[in-house]
Amino acid sequence: RELLAWRYFASSCQTNLGKCTPAEFGAIVPQERVSVRVAVQAVGEEKLNIRGNQRTLVRLNVKSDQDEWALWVDATDHYKLMRVIKAGDATEVLRD
């Protein structure tokens, strides 16, 4: 998912994050051994509390035919993926 976010920023955003356009990419799901089309769209910056520290992160929405994910990346730390939530599921991943 982090590679997908990097690809999105490199191909669909101009120098500042306010000028990102929605995009579609092909992706591989290794566990299922299938390929899927995903739509990625930048939502904007959000302030989140991660492990007791407030951080400003960029939110991306990623949708495929089967799933919807929300990704938060840190634009000040090489677009490092910091948080992932799967919509409609109790799945949440936080990174240090």
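Coordinates for the structure precede this section.
Residues numbered from 1 in each chain as written. Predicted model: local features only at pLDDT ≥ 70, side-chain atom pairs only at ≥ 80, totals over all residues. Heavy atoms only, no water.

Participant: I'm lost on the sheet that holds strand β6 (residues 92-94) in this one. Help?
Facilitator: Across a sheet, strands are paired by hydrogen bonds formed along the backbone, either parallel or antiparallel in direction. Strand order in the open sheet formed by six strands is β1-β2-β3-β4-β5-β6, with antiparallel pairing between adjacent strands. The strands lining the two open edges of the sheet, one partner per strand, are β1 (23-29) and β6. Taken over all neighbouring pairs, the strand axes of this sheet differ in orientation by 35 degrees on average, direction set aside. Of the strand pairs in this sheet, strand β3 (residues 53-63) and strand β4 (residues 68-74) are connected by six bridges, and their pairing is antiparallel. Looking across to β4, one finds that Arg59 is bridged to Trp72. Against the sheet, helix α1 (residues 2-12) touches β1, β2 (34-50), β3, β4 and β5 (80-86), its axis set at about 155 degrees to β1. (Pairing = 2+ DSSP bridges. Helix = DSSP H or I, 4+ residues; strand = E, 2+ residues; numbered from the N terminus. Axes fitted to C-alpha atoms, helices over the stretch in contact; angles between N-to-C directions. Contact = heavy atoms within 4.5 Å.)

Participant: Can you help me understand the state of the cysteines in this one?
Facilitator: In a disulfide, the sulfur atoms of two cysteines are covalently bonded to one another. Evaluation of the coordinates by the stated rule reveals one disulfide. Between the sulfur atoms of Cys13 and its disulfide mate Cys20 the distance is 2.0 Å. When the S-S torsion is 115 degrees, as for the bridge of Cys13 with Cys20, the disulfide is right-handed. (Disulfide = S-S within 2.5 Å.)

Participant: Could you clarify how one ought to interpret the pattern of salt bridges in this entry?
Facilitator: Pairs may arise between side chains of opposite charge once their charged atoms sit close together. Under the definition given, this model contains seven salt bridges. Linking Glu46 and Arg59 is a salt bridge whose minimum nitrogen-to-oxygen distance equals 3.6 Å. Of this pair, Glu46 sits in strand β2 while Arg59 sits in strand β3, placing them 13 residues apart in sequence. Among the ionic pairs, Lys86 bridges to Asp67, the shortest N-O distance being 3.5 Å. (Salt bridge = Lys/Arg side-chain N within 4 Å of Asp/Glu carboxyl O.)

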